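Below are the chains, spelled out letter by letter.
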Amino acid sequence: MSRLDRSTRRTFLRGAGVTAAGAAAVIPVQASVSPAAPAARPVAVRVGPPAGAPGTVLAQLTVNSTLYEAAIDPRWTLADFLRDHLGLTGTKVGCDRGECGSCTVVMDGRPVFACMVIAAEAVGHKVQTVEGLTTPKGELNPLQRSFFENGAVQCGFCTPGMLMSATALLAAHPRPSADEARLAISGNLCRCTGYTKIVDAIVRAGQA
Amino acid sequence: MPKNIDVAKLLSSPEFMETWAQYPSLVEEEAAVIMEHLSKIHPTVPLTVPKARYAVVGTRQLRHNDVPRIKGTAVYTHDVAPVGMLYGAIRYAAQHAHAKIKAIDTSKAEALPGVRAVVTYKNVYNFGAPKRPIQARPPRFILQDEIFAPGDEVAGVAADTQDIAEEAVRLIDIEWGPLPSFFGDPESGLSADAPKILPDGNLGSENIRDVGDPAKAMAAADIVVEGRYSTQTLQHGPLEPKAVVMSWDGDQLTTWVSGQYLHGARSTLASIFGLPISKVRTIGEYMGGGFGDKSSPVDKFAYIAGVLSKMTSRPVRLYYSRREEFTSSVHKAANVHRVKAYAKRDGTLTAFDLKTFSDMGAHASTGSAQSGQEPFHRLYAYQGAHFEQRNVLTNRYRTGPMRDVNESSGVFSLEITMDRIAEQLGIDPVELRLKNVTGAKNPYDGFPLTSNGVREAITRGAETFGWKAKWHKPGARILGRKAHGVGMGCFASQKGSQGTPMSGIVKIERDGSVSVITGAQDVGAGQLTTMAMIAAEQLGSDLADTRAYGGDSGFTSDTGTSSSSRQTKSGGTGVRMAAVDAKEQLLKMALALQASGKPVFPAKDAGELEAEGSFVFLKADPSKRASFAQVMGSGANVIIGSATVIPPPRIAQTTFGATFTELEVDLDTGEVTVLDYVGAHDLGKIINLLGVEQQFDGGLLMGFGFALGEALTVDPVKGFSVNSTWENYPMATSLDVPLKTRPVWVESIDTIGPFGAKGMGEPVCTGPVASIPNAIYNAIGVRIYDQPITRDKILAAIAQMKPAS
């Protein structure tokens, strides 16, 4: 319907009259910024609007092992930030309200819906997206290869989210059972595959 | 270079006659009908000549274009952002089901910083789009001052950011004048006291037809089984919402669109904006599922984006929210079926009397196809029938095609009816079906069916399932608080629809590798892999060096929409005939090939040569051979094979099948647990085994949703959607997958599909509807006539169960 009754994280924040300053009061952005810079990459990659752009706060966060510094609008979701400002469009937005799991990324080892995480909340955390899965040579990793070889992909729109949920599962349980795999992707909707081959692909990736 | 096929030669060829001779019950008059149709057109449809051995067809092939999907690098429409792009948003009627705009004020929206354009019905026609209705009844324009459903578009905004655009649509003030609205069930929409949406009432269209002599056929029966059946409004739920990016460069329109039919989008946009087709280019290599939702990929929202782009001279992107997808996109129509089936005591059907009422919503894009009558037309034989089909306007959701084009609603009413006949006459449901299924001819119009494997599907399906051992009397097997039930049913649906253009291009490159250029849109079902396989089989190239490209109407040829399970037939036939053309050129070139000054092949005619695995060889002595690369190296830069095939107008494929379900109903909770499901599918001939497995897995889960859970609901007072989110619309998750599902493939070798193939994508989701309702009845002994069969209905039925005797 009209966006009048479209409740998303963003509209909720806007409706609550949250401003940059207000958000800073709610989310301790400043507190988590400076100490978060890891030693591995002392210099952050600058992205997004210029520092000091109206309504933004300067923040640093790690995505796929790269530290980024960006002027972040407190209303942006992590999905917005990844897609619109880092160009990481592999993270798909299917509902923008935490129902479909297409935007799943891994944050500090846990799968999260990037549409339900405010970008500023990810400050100081390590985010991994589908683009961060391939081997250093750019080849499919074992889980991705298993998806390919088991025909676990049809339209592919849910695939990045499925892969990220499965990545978190395999990190915690390297040899998952079919039931564990089913449970791990139960927050990821798919309309094409009937899930069967996705579950097979995850279980077989664990056995490989 | 168009491929010319010699019709007379084809029709008189022994191979052709042999094909038809294999066709079991084809009678002379029927063959004559086909001949007559074929002879009127040129070039004609190539008929299937089955081969004894296939190099590629029928194998299990991975899909090369899955790699970008898995890496996250595949570009979907929402990922496209041309330089200078603006973000669009749409204002919907939302608070009204039927109303007229009395006043609209956009000044606050226009004053918002970052807003670049606002379009309403007042200014939409100032930018090139001619003012003519998109649909006639009710009149529907790009934007207009009357809305017919809450999901109707009222205004559009283009702005610097998505947030600004969404803010701006909220700032548009509208004063509404409500009009009479109706959103009840379609049958009651025709009653005299229903509110009238149009001055002359709510009837959208009707179609009444008698087949044979219905009165005589009914009189020949011993019993009549009568019932009222209803099915629900459904939503496709592709994971990717609709998306479009419009960009004008002078009078050239470039559109990125998530669509099942890029060439259809192209010609529609050309017509709306008054351009020659050549000046519109539609692009969409990857799309996130369609299921019919995107079979008309451009509609009002795309036209609005086009106008906004023209107003601002900048690219504009519109991306549906999930809620828009649920409320403003098309839907599968709710149906009411009133069925009377007439049969003799021995189970022979004599007649049908079928009245259907389809909820077309305020705007329908598929018309009569939504009625679900088709399974009645062609699944079983009958002497006579009376069909009445009424499409009823309501102020609910817009309706349009959705996977199986509502054949599931007809299968629901027909197969429960058949189950009731079997029970009343004391005949095994399997035997009743075998007694009545059609053979070579569609009883509705008398035209031949291109192949029919329903008999084999029933018998092999029953055998695999273990029907004889499992079947029992209704309500007869209750263990503790679990009622065990088994049910079966059949389905038939017209696929690979008639009239679709079939074309393709096959290029042999200078190194002997092969590129296939096709308009067959890969909606995720692996169409490009299928096209490559068909080309490789026909041409004799190595599949590893054969690659198909599509997703851009500027460089491909129209081969119909990837809807109604037709692309294997339409795109596949185009590619296959283009490969015939390319191969002819290649073999001619091979004939002239020399090595050390001597011809490589001691042959006078190219017909003495054959190709396989990217080698040309002499049929008489296969040791005499040359690779495609060697042949191409003899001078040709590239070979371009092409074909355009116009299909005969009245010959359409029909897919058939039979499904079997074993389940348990929990008598305390009403929960249904499916224990075993066998789907026997007549798919003509398998091209890619992986593809049919994938369609089976995914389609049946959607079908389980049709049967057991999914329904879009509107509130009965105001007609607003009450469950237009995935939280409230129960699409199956990974935890809802049935424990055991087994396919049975029946290859009936279709007479017009490439290598005998028929469509597969849609019937798999019709299958569950054929057998689940009957299995639930078999468990509890009480019929449920209203789909979906949800727990509340099951619990109400359990309350009526007779105590076990």
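Quick caveat, the model's predicted, so the values are computed rather than measured.

**Structural notes on helix H16 (residues 527-539) of chain B**
All names here are of chain B.
Then, number 1: With 13 residues, H16 extends 18 Å between its outermost C-alpha atoms, agreeing within 8% with the 18 Å of an ideal straight helix rising 1.5 Å per residue.
Then, number 2: Judged by how many residues are buried, H16 sits mostly within the fold: 13 of 13 residues are covered.
Then, number 3: With its phi angle positive at about 85°, Gly 540 sits one or two positions after the end of H16.

**Quick notes on the environment of Lys 71 of chain B**
Then, number 1: Within the secondary structure, Lys 71 of chain B is located in helix H4 (residues 66-71).
Then, number 2: Separated by 299 residues in sequence, Lys 71 of chain B and Gln 370 of chain B place their C-alpha atoms 39 Å apart.

**Remarks on the nonpolar core**
Residues and elements named next belong to chain B.
Then, number 1: Formed by 275 residues in total, the largest nonpolar core has its most connected members in Val 157, Ala 535 and Ile 776.
Then, number 2: With ten residues, helix H20 (residues 763-780) is the single largest residue contributor to this core.
Then, number 3: The residues contacting Ala 535, other than those within four sequence positions of it, are Val 506, Val 514, Val 516, Thr 546, Val 575 and Ala 579.

**Examining the packing of helix H12 (residues 407-425) of chain B against helix H13 (residues 429-436) of chain B**
All names here are of chain B.
Then, number 1: Where H12 contacts H13, the two axes come as close as 9 Å, and the packing angle between them is 110°. Between H12 and H13, the angle is such that the two are roughly perpendicular. As for how H12 packs across H13, the hand of that crossing is right-handed. Residue-level inspection shows Met 418, Asp 419, Ile 421 and Ala 422 of H12 in contact with H13, the latter providing Pro 429, Leu 432 and Arg 433.
Then, number 2: Split into classes, the residues belonging to the contact of H12 with H13 amount to five nonpolar, no polar and two charged.

**Brief notes about the interface of chain B and chain A**
Accessible area lost upon the coming together of the parts serves often as the stated size of an interface.
Then, number 1: Taken together, the contact between chain B and chain A spans 56 residues of the former and 47 residues of the latter.
Then, number 2: Mapped onto the side of chain B that touches chain A, the elements with two or more residues apiece are H4, strand S1 (86-92), helix H6 (162-170), helix H10 (322-327) and helix H19 (689-708) of chain B.
Then, number 3: Of the residues forming the side of chain B that touches chain A, the biggest block, seven residues, is contributed by H19 of chain B.
Then, number 4: Of the residues that constitute the side of chain B that touches chain A, the class distribution is 26 nonpolar, 17 polar and 13 charged.

**Brief notes about the confidence of the model for chain A**
Then, number 1: Residues at a pLDDT of 70 or more form 80% of chain A, whose mean pLDDT is 83.
Then, number 2: Across residues 1-41 of chain A, confidence stays below pLDDT 50; counting only partners more than four residues off in sequence or on other chains, it has 69 contacts.

**Remarks on the sheet that holds strand S3 (residues 66-72) of chain A**
Residue and element names in this part refer to chain A.
Then, number 1: An order of S1-S3-S2-S6-S4-S5 is seen for the six strands of this open sheet, with the pairing classed as mixed. Two strands bound the open sheet, and with one partner strand each, they are strand S1 (45-47) and strand S5 (110-113). Across the sheet, the axes of successive neighbouring strands diverge by a mean angle of 40°, strand direction being ignored.
Then, number 2: When strand S2 (residues 57-63) meets S3, the two strands line up antiparallel, connected through seven bridges. Across the sheet, the residue bridging to Leu 58 is Ala 71, located in S3.
Then, number 3: Against the sheet, helix H6 (residues 159-172) engages strand S4 (104-107) and S5, with an angle of about 30° to S4.

**Points about the domain arrangement of chain B**
All names here are of chain B.
Then, number 1: Each assigned domain of chain B is listed with its residue range as follows: domain 1 (52-72 + 499-645), domain 2 (77-179 + 241-287 + 294-327) and domain 3 (335-497 + 650-799).
Then, number 2: With centres defined by C-alpha atoms, the gap from domain 1 to domain 2 works out at 40 Å.
Then, number 3: Residue-level contacts link 13 residues of domain 1 with 14 residues of domain 2.
Then, number 4: Here the side of domain 1 that touches domain 2 is built from residues that sort into one nonpolar, nine polar and three charged.

**As for the sheet that holds strand S25 (residues 625-627) of chain B**
All names here are of chain B.
Then, number 1: Reading across the sheet, the three strands line up as S23-S24-S25 and stay open at both edges, with antiparallel pairing between neighbours. Each edge of the open sheet carries a strand with a single partner, namely strand S23 (609-612) and S25. For this sheet, the mean angle separating the axes of adjacent strands, direction not counted, is 25°.
Then, number 2: Where strand S24 (residues 615-618) meets S25, three bridges bridge the pair, whose relative direction is antiparallel. By the bridge assignment for S25, Val 616 is matched with Ala 626.

Rules and cut-offs
- In this numbering scheme, every chain counts its residues from 1 along its sequence in written order.
- To label them, take the chains in the order written and letter them from A, then take the ligands in the order written and number them from 1.
- Only residues with pLDDT of at least 70 get local features here, since the model is predicted, and only at 80 or more are side-chain atom pairs given and counted; chain-wide, interface and lining totals rely on the full set of residues.
- A run of H or I in DSSP counts as a helix once it spans at least four residues, and a run of E counts as a strand once it spans at least two, with each numbered from the N terminus.
- Working rule for helices: expected span equals 1.5 Å times residues minus one.
- Between the buried cut of 20 or more and the exposed cut of 12 or fewer other C-beta atoms within 10 Å of a residue's own C-beta lies the partly exposed class, and all C-beta atoms are placed from the backbone.
- For this analysis, nonpolar core means a set of buried Ala, Val, Leu, Ile, Met, Phe, Trp, Tyr and Cys residues linked through C-beta atoms within 7 Å.
- The contact criterion used here is simple: two residues whose C-beta atoms, placed from the backbone, lie within 7 Å are in contact.
- Only the stretch in contact is used when a helix axis is fitted, and all axes are lines through C-alpha atoms; the angle between N-to-C directions ranges over 0 to 180 degrees.
- Roughly parallel refers to an angle under 35 degrees, roughly antiparallel to one over 145, roughly perpendicular to one between 65 and 115, and oblique to any angle outside these ranges.
- In this scheme, a crossing is called left-handed if the near helix is turned counterclockwise away from the far one by less than a right angle; it is called right-handed if the turn is clockwise.
- Amino acid classes used here: Ala, Val, Leu, Ile, Met, Phe, Trp, Tyr, Cys and Pro are nonpolar; Asp, Glu, Lys and Arg are charged; the rest, including Gly, are polar.
- The predictor's confidence in any single residue is recorded as pLDDT, a number from 0 to 100.
- Two strands pair under a simple rule: DSSP has to find at least two bridges between them.
- In this document the domain limits rely on a domain assignment from an automatic tool or a database.

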